[in-house]
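The lines below spell out each chain.
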Amino acid sequence: MKRIRLATFDVTNTLLKFKISIGEEYSQTSNLYGIQSDAAQLNAAFKRQWKILNEQHPNFGATSGIEPQTWWTNMVGRTFHDAGYDYLNQTQLQTLARHLFKAYSTKTCWEIQRGTHTLLQNLAKANIQLGIISNFDNRLQGILSEVGLLHNFDFIIDSYSVKVKKPSQKIFDLALKHVKHLEISPDQAVHIGDDLEDDYLGARNAGWNALLLTKKDNLSSEQLKFVKSSHILNDLREAEKHILETDI
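Report follows, based on the coordinates.

How each quantity is defined
Residues numbered from 1 in each chain as written. Predicted model: local features only at pLDDT ≥ 70, side-chain atom pairs only at ≥ 80, totals over all residues. Heavy atoms only, no water. Helix = DSSP H or I, 4+ residues; strand = E, 2+ residues; numbered from the N terminus. Rg over C-alpha atoms; globule rule 2.2 N^0.38 Å. Buried < 20%, exposed > 50% of the residue type's maximum accessible area, 1.4 Å probe, protein only. Contact = heavy atoms within 4.5 Å. Areas by Shrake-Rupley, 256 points an atom, 1.4 Å probe, with all protein chains shown as cover. Pairing = 2+ DSSP bridges. Right-handed = clockwise from strand over helix to strand, strands pointing away. Phe/Tyr/Trp six-rings, centres within 6.5 Å; stacked < 30°, edge-to-face > 60°. Lys NZ or Arg CZ within 6 Å of the ring centre and 35° of its normal. Core = buried A, V, L, I, M, F, W, Y, C linked by side-chain atoms within 4.5 Å. Axes fitted to C-alpha atoms, helices over the stretch in contact; angles between N-to-C directions.

With that settled, the discussion passes to the overall build of the chain. The helix and strand inventory of the chain stands at twelve helices and eight strands. The C-alpha radius of gyration of the chain comes to 19 Å, within 12% of the 18 Å expected for a compact globule of 248 residues. Projected onto the principal axes, the alpha-carbon positions of the chain cover approximately 60 × 40 × 30 Å. Sorting the 248 residues of the chain into buried and exposed places 49% on the buried side. Across the chain, the fraction of contacts at a sequence separation of at least 24, relative to all contacts at a separation of at least 6, is 64%. When the accessible surface of the chain is totalled, it reaches about 12,000 Å², and 46% of it is carbon and sulfur.

Spelled out as structure tokens, the structure:
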């Protein structure tokens, strides 16, 4: 096993998490505009529409010529209509979408996962290059700056800007190009994220090491066949010993 020289991270549910659920955020925002709504209904509707819109216009519209704000305006409208609020007109929906798009662009809706600062500091002290590989739109760098994490990273890759998303090997290859002057090979790199397919298998298929941040109970018996139990992290803070001991 070669010493790890590069560690990259997913963002949502890895380094950052939502302060409250998406349904709660959508509901509280609608209440500000006098629209009473149910958080649970909105949460369920969001999940359904997320899947549909990502099939129709994947990667926040990167390959469809759609700007992220337009994509998210569509997403917000679909969510409210799916949840039963189809009486809302376009003006109301656009107002809600603008508010939510701006809120999620700042630290208003985000909080840093426990142990993140210490982990990043200790990896940097060990001369490990740090990067972000995230299926995210082009607000990512601004969000990381807002929450005070941006300065920790040698590079940031959001899928919208590079027009390729995890689990494609291309996005992992792009990460290595950012550190090509250091001649880091795939087996000297590790990616940490919360999604089995996008993060863990995507990285492994690219020849990288990988750690999966999730509870074992969240994985089905079928999914557990594809991940080594020693690669599952219950807490982000557990990543440090794996990376520094190169026992991935």
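So, next bit.
Time to look at unusual backbone geometry. Of the consecutive residues Lys166 and Pro167, the connecting peptide bond is found in the cis state with omega at 15 degrees. Here Pro167 is to be found in the loop between helix H8 (159-162) and helix H9 (169-178). At Lys163, a position not held by glycine, the phi torsion is positive, near 60 degrees.

Let us look at the pairing of strand E6 (residues 189-193). On a regular strand, one side chain projects to one face of the sheet and the next to the other, so that they alternate. With respect to burial, E6 is a largely interior element, five of its five residues being buried. Examined bridge by bridge, strand E1 (residues 6-9) and E6 share four bridges and lie parallel to one another. Looking at E6, one finds that Thr8 is bridged to His191. As paired strands, E6 and strand E7 (residues 209-213) are joined by four bridges and run parallel to one another. The residue of E7 that forms the bridge with Val190 is Asn209. Taking the sense of rotation as the criterion, the β-α-β connection linking E6, helix H10 (residues 196-205) and E7 turns out right-handed.

What follows concerns the packing of aromatic side chains. This model, assessed by the stated rule, comprises 18 aromatic pairs. On the numbers, 5.7 Å between centres and 85 degrees between planes, the contact of Trp50 with Trp71 is edge-to-face. In this pair, Trp50 sits in helix H2 (residues 39-56) while Trp71 sits in helix H4 (residues 68-82), placing the two residues 21 residues apart along the sequence. The class of Trp71 is buried, set by a relative accessible area of 1%. When the ring of Tyr104 is compared with that of Trp110, the centres are 6.3 Å apart and the planes differ by 80 degrees; the resulting orientation is edge-to-face. The two residues Tyr104 and Trp110 agree in class, both being buried. The ring of Phe101 has Arg139 sitting right over it, with the charged end atom 4.0 Å from the ring centre.

With that settled, consider the nonpolar core. Counting residues in hydrophobic clusters, the biggest one holds 56 residues, and the most contacted among them are Phe9, Tyr26 and Ile243. The biggest single contributor to this core is helix H5 (residues 90-103), with six residues. Look past the residues within four positions of Tyr26 in its chain and what remains in contact with it is Leu42, Phe46, Trp72, Val76, Thr79, Phe80, Leu100 and Tyr104.

The next subject is the sheet that holds E1. In space, the six strands of this open sheet follow the order E5-E4-E1-E6-E7-E8, with parallel pairing throughout. Here the strands that pair on one side only, and so sit at the sheet edges, are strand E5 (155-158) and strand E8 (232-233). Pairing of E1 with strand E4 (residues 129-134) involves four bridges; the strand directions are parallel. When the bridges of E4 are listed, Thr8 appears paired with Gly131. Running over the sheet, helix H6 (residues 116-125) touches E1 and E4 and is turned about 160 degrees from E1.

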